Amino acid sequence: MIHRLREFKTNINYSLIVHLFVFVFLIFIPVIIQGQWQNIGPEGGMVISLRSFPDQPDVMLLAAVNSGLYRSTDRGESWYRVLHEIPADLAIGTDGTAWVCTEKGVYQSNDYGKTWTSVFNTRGYQVVMQDSLVAVHVNDSDPWQISMNYGETFSSWNIVTTHLYPYFTGVGYKPYSFMFHEDGTVYMTYGHSLYKSMESSLNNWDKIYSPVGQNCTFILSYYPAADSVFYMCSRFADYGPTGGCSGGISWTHNGGISWTGIPGIRSVTALAEDETHLFAGNESGKIYLVNKTDHSVQVIGNLGVEIRDFDIRHWDRGELIIATLTGIYKTCLLYTSPSPRDRTRS
């Protein structure tokens, strides 16, 4: 009887130790997962934009506001500077084309960022690319310039340009955001309003959404939208369970007429997406993964510094590369997505 009692106590102690170990392990799993980040440079770089080429994803470009434009040919393992001017925006197209706006002008590359040719010799603020369309905003008092033939010729594009650009007084945010729908509709955010036009008539814009009393910077999702569903985020405030205020991430099912908030995400500064997920980063460094089917939210990392851009081309392999105001961070030890076929961001 005494022997059985001792054996019972031993089993209890063993069970308690096992459960305690499991409890401690579960507590530290998020820290372990979120701690597998490597800073891959550039040294001292305050990075505001990060891009890789669709047909050569190992070739990457980044814009650092305190040091210039950098290029990598090994997925960010090493970087070298290709422009010494202060950049404001960066865009990548197909077949090795890229455009960059800087404090001194707008430049184009046709060889995956190796060499650059001046197109405009006045300060550039923002560049947009979509198929053969290239649009740039040069000199904050002038209209946008738009080309429908891959940048061979440009003409004035008369959209609102009264916003005071903050790029060269710090690390400001683009006041414009564009999304090209697969049906030919183009959506644009400017300030705290959403506008709609057609790709065949980009000088005519209709305001379709403007939240009363809100003043925020919107970022539109860029993925070719199916039906009338797409996403938008802004830097200020939380979305509560019922939505209805600016901030966080919201989604629309009717082409931008009405919006529903996704709770649990605050002050978004970067957005990326594939067929099944949204990736959002905020000003405190949190990285969110949002399921597009049920809009569930998972925190998959926290870098502790403002996030400015994502590269998710190899997310199906577990790789995520993130641009922040202290450089580029990379991990290969996160959750591996079972989908998608490829990445469309350029």
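Above this text is the structure in question.
Counting of residues starts from 1 at the beginning of each chain's written sequence and follows it residue by residue. Totals for whole chains, interfaces and linings use all residues, but because this is a predicted model, local features are given only for residues with pLDDT of at least 70 and pairs of side-chain atoms are given and counted only at 80 or more. In computing side-chain values, all of the structure's heavy atoms are included and hydrogens and water are not.

J.: I tried to follow the overall build of the protein chain on my own but got confused; where do I start?
T.: Looking only at helices and strands, the protein chain has 1 helix and 28 strands in total. Expressed as a percentage of its 346 residues, the buried residues of the protein chain come to 52%. Sequence-distant contacts in the protein chain: of pairs separated by 6 or more residues, those separated by 24 or more amount to 42%. Only the protein chains shown count as cover for residues, with accessible areas throughout obtained via the Shrake-Rupley method and a probe of 1.4 Å. Summed over all atoms, the accessible surface of the protein chain reaches about 16100 Å², with 54% contributed by carbon and sulfur. Elements are defined by DSSP. Helices are runs of H or I of four residues or more, strands are runs of E of two residues or more, and each kind is numbered from the N terminus. Each residue is placed in one exposure class: buried if its accessible area under a 1.4 Å probe, protein chains only, is under 20% of its type's maximum, exposed if it is over 50%, and partly exposed if it falls in between. The contact rule is simple, with two residues in contact once any of their heavy atoms fall within 4.5 Å.

J.: Whenever I open this one, the pairing of strand S16 (residues 193-198) confuses me. Can you help?
T.: In regular strands, side chains alternate between the two faces of the sheet. Any two strands with at least two DSSP bridges between them are considered paired. In this structure, strand S15 (residues 185-190) lies alongside S16, joined through 6 bridges in antiparallel fashion. Paired with Thr185 across the two strands is Met198, which belongs to S16. Pairing analysis gives 4 bridges linking S16 to strand S17 (residues 201-209), with the strands arranged antiparallel. Residue pairing in the sheet places Met198 in a bridge with Ser201 of S17. The hairpin formed by S16 and S17 contains 2 residues between the paired strands.

J.: What am I meant to see in the sheet that holds strand S14 (residues 176-180) here?
T.: Think of a sheet as strands paired side by side through backbone hydrogen bonds, with each pair either parallel or antiparallel. Strand order in the open sheet formed by 4 strands is S14-S15-S16-S17, with antiparallel pairing between adjacent strands. A strand with exactly one partner marks an edge of an open sheet, and here the two such strands are S14 and S17. On average, each strand axis in the sheet is tilted by 25° relative to the strand beside it, whichever way the strands run. Orientation is described by axes fitted as lines to C-alpha atoms, over the contacting stretch for helices, and by angles from 0 to 180 degrees between their N-to-C directions.

J.: Can you walk me through the sheet that holds strand S5 (residues 80-83) in this structure?
T.: With antiparallel pairing, 4 strands are arranged side by side in an open sheet as S2-S3-S4-S5. The open sheet has two edge strands, strand S2 (47-52) and S5, and neither has a second partner. Here the average twist between neighbouring strands, direction ignored, is 30°. Here 3 bridges tie strand S4 (residues 68-72) to S5, and the two strands are oriented antiparallel to one another. Following the sheet pairing, Tyr70 is matched in S5 by Arg81.

J.: How should the pattern of salt bridges be read in this particular structure?
T.: Definition used for salt bridges: Asp or Glu carboxyl oxygen within 4 Å of a side-chain nitrogen of Lys or Arg. Tallying each qualifying case throughout the model produces 7 salt bridges. Its salt-bridge partner being Glu77, residue Lys330 comes within 3.1 Å of it at the nearest N-O pair. Remark: Glu77 occurs in the loop between S4 and S5 and Lys330 occurs in strand S28 (residues 327-331); sequence separation between them is 253 residues. Taking relative accessible area as the criterion, Lys330 reaches 11% and is therefore assigned buried.

J.: Would you mind showing me how to read the nonpolar core here?
T.: In globular proteins that are soluble, nonpolar side chains generally tend to be buried together. One finds Phe279, Ile287, Phe310, Leu320 and Ile322 to be the most contacted residues of the largest nonpolar core, which totals 17 residues. If you list the elements that add at least two residues to this core, you get strand S22 (268-273), strand S24 (286-291), strand S26 (307-311) and strand S27 (320-324). When neighbours within four sequence positions are excluded, Ile287 is seen to be in contact with Trp37, Ala280, Gln298, Val299, Ile300, Gly301, Asn302, Leu303, Ile307, Phe310, Leu320 and Ile322. Throughout, nonpolar core names a set of buried Ala, Val, Leu, Ile, Met, Phe, Trp, Tyr and Cys residues whose side chains join them through atoms within 4.5 Å. Grouped together as the second largest cluster of nonpolar side chains are 16 residues, Trp144, Trp157, Phe180 and Met188 included.

J.: What exactly am I supposed to notice about the pairing of strand S12 (residues 144-147) here?
T.: Of the two faces of S12, the one holding Trp144 and Ile146 and the one holding Gln145 and Ser147 are both buried throughout. Bridge count for strand S11 (residues 133-138) against S12 is 4 bridges, and the pairing is antiparallel. Its bridge partner lying in S12, Ala135 is registered against Ile146. In terms of strand pairing, S12 meets strand S13 (residues 155-157) through 3 bridges, oriented antiparallel. Considered in S13, the bridge of Ile146 is made with Ser155.

J.: Even after reading the chapter, I still don't get the packing of aromatic side chains, so can you show me in this structure?
T.: Aromatic ring pairs are defined here through the distance separating the ring centres and the angle between the ring planes. Here is the rule: rings of Phe, Tyr and Trp (six-membered ring for Trp) pair when centre to centre is within 6.5 Å. Planes less than 30 degrees apart are stacked, more than 60 are edge-to-face, and the remainder are tilted. Enumeration over the complete set of coordinates arrives at 15 aromatic pairs. Consider the rings of Tyr176 and Phe178, whose centres lie 6.3 Å apart with planes at 10°: the pair is stacked. Note on Tyr176: relative accessible area 2%, which makes it buried. Phe178 gets classed as buried once you look at its relative accessible area, which sits at 11%. A ring pair is formed by Phe279 and Phe310, whose centres lie 6.4 Å apart and whose planes are at 50°; its orientation type is tilted. Separated by 31 residues along the polypeptide, Phe279 in strand S23 (residues 277-282) and Phe310 in strand S26 bring together distant segments of the chain. By the burial criterion, Phe279 is buried, and Phe310 matches it.

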